[in-house]
Amino acid sequence: MYRWLRTLAAVRLVDLSHYGLPKEPMPQEMIAAGVSLVSFSGDKLLGGPQAGIIVGKKALIAQLQQHPLKRALRADKMTLAALEATLRLYLHPEKLAAELPTLRLLSRSVQDIQQQAERLREPLAAALWR
């Protein structure tokens, strides 16, 4: 019998603990552990476009391809192009934190965030208290 896994929003392709972030389960680890299908979010997982991604056993993916909703829910060409561009960044993990905006922002130091908050304090206060 197949083991199923519900949609995970927090799975990752790279170990985020290298960037000082909590370790999260990765799709490839789940598949290696015997999970038949893993679904996850392209924007939350990759820092790319909003897209649902499903990986797993070929026979199960083929069944999903036959479902009538597949055509209505498929990604368009622009989403696929953005997804490809984002995935290409992962080919160079040594540059990932510098080139992937989501990871760059998530892995900032507390000091960096504090400095940005200080820079924004006066303009925000002026805009809010007019």
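Residues numbered from 1 in each chain as written. Predicted model: local features only at pLDDT ≥ 70, side-chain atom pairs only at ≥ 80, totals over all residues. Heavy atoms only, no water.

Taking an unreviewed UniProt entry as the reference, the protein chain is identified by name as L-seryl-tRNA(Sec) selenium transferase belonging to Kluyvera cryocrescens. Per UniProt, the protein chain has the following entry under Subunit (unreviewed entry): "Homodecamer; pentamer of dimers. Binds only one seryl-tRNA(Sec) per dimer." Recorded under Subcellular location (unreviewed entry), the UniProt text for the protein chain is reproduced unchanged: "Cytoplasm". (UniProt positions renumbered as here; feature names shortened; annotations may be inferred.)

Describe the confidence of the model for the protein chain, and please don't skip the residues or the numbers.
Any region with low pLDDT has predicted coordinates that should not be read closely. Residue-level pLDDT values for the protein chain average 84, and 91% of them are 70 or greater. In the model of the protein chain, helix α2 (residues 42-46) stands out as the element of lowest mean pLDDT, 84, in contrast to helix α8 (residues 110-128), which has the highest, 93. For the stretch residues 1-11, pLDDT sits under 50, and the model shows 28 contacts to residues farther than four places along the chain or on other chains. (pLDDT = per-residue confidence, 0-100. Helix = DSSP H or I, 4+ residues; strand = E, 2+ residues; numbered from the N terminus. Contact = heavy atoms within 4.5 Å.)

Could you give me a rundown of helix α5 (residues 77-89), with the residues and numbers involved?
Here α5 is 13 residues long and its end C-alpha atoms lie 19 Å apart, about the 18 Å a rise of 1.5 Å per residue gives. For α5, the full list of buried residues reads T79, L83 and T86. Buried positions in α5, seen along its axis, are confined to an arc of 65 degrees and lie on one side of it. Of the residues in α5, the exposed ones pointing more than 90 degrees away from the buried face are K77 and M78. Buried residues along α5 sit against α2 and β2 (52-56). Capping the start of α5, D76 holds a side-chain oxygen 3.3 Å from the backbone nitrogen of M78, two or three residues further along. (Expected span 1.5 Å × (residues − 1). Buried < 20%, exposed > 50% of the residue type's maximum accessible area, 1.4 Å probe, protein only. Arc of directions from axis to C-beta. Polar contact = N/O pair within 3.5 Å; in protein donor to acceptor, adjacent residues only side chain to side chain.)

Pulling in residues and values, what's your account of the pattern of salt bridges?
Under the counting rule described, the total for this entry stands at three salt bridges. With a closest N to O distance of 3.3 Å, K23 and E29 form a salt bridge. Using a relative accessible area of 47% as the deciding quantity, one classes K23 as partly exposed. The residue R88 makes a salt bridge to E84 at a minimum N-O spacing of 2.7 Å. Residue R88 and its partner E84 are located together in helix α5, separated by four residues, close to a single helical turn. (Salt bridge = Lys/Arg side-chain N within 4 Å of Asp/Glu carboxyl O.)

So, the environment of Q116: which residues are in play, and what are the values?
Assignment of secondary structure puts Q116 in helix α8. Here the side chain of Q116 touches R108 through a polar contact of 2.4 Å, side chain to side chain.

I'd love a proper account of the side chain of T79, names of residues and values included.
The topology assignment puts T79 in helix α5. Every residue in contact with T79, bar those within four places of it in the chain, is listed here: P49, Q50 and A51.

Explain the side chain of T86 residue by residue, including any values.
Here T86 is to be found in helix α5. With relative accessibility at 9%, the residue T86 sits in the buried group. Beyond its immediate sequence surroundings of up to four residues, T86 is in contact with L46, G47, G48, P49 and L100.

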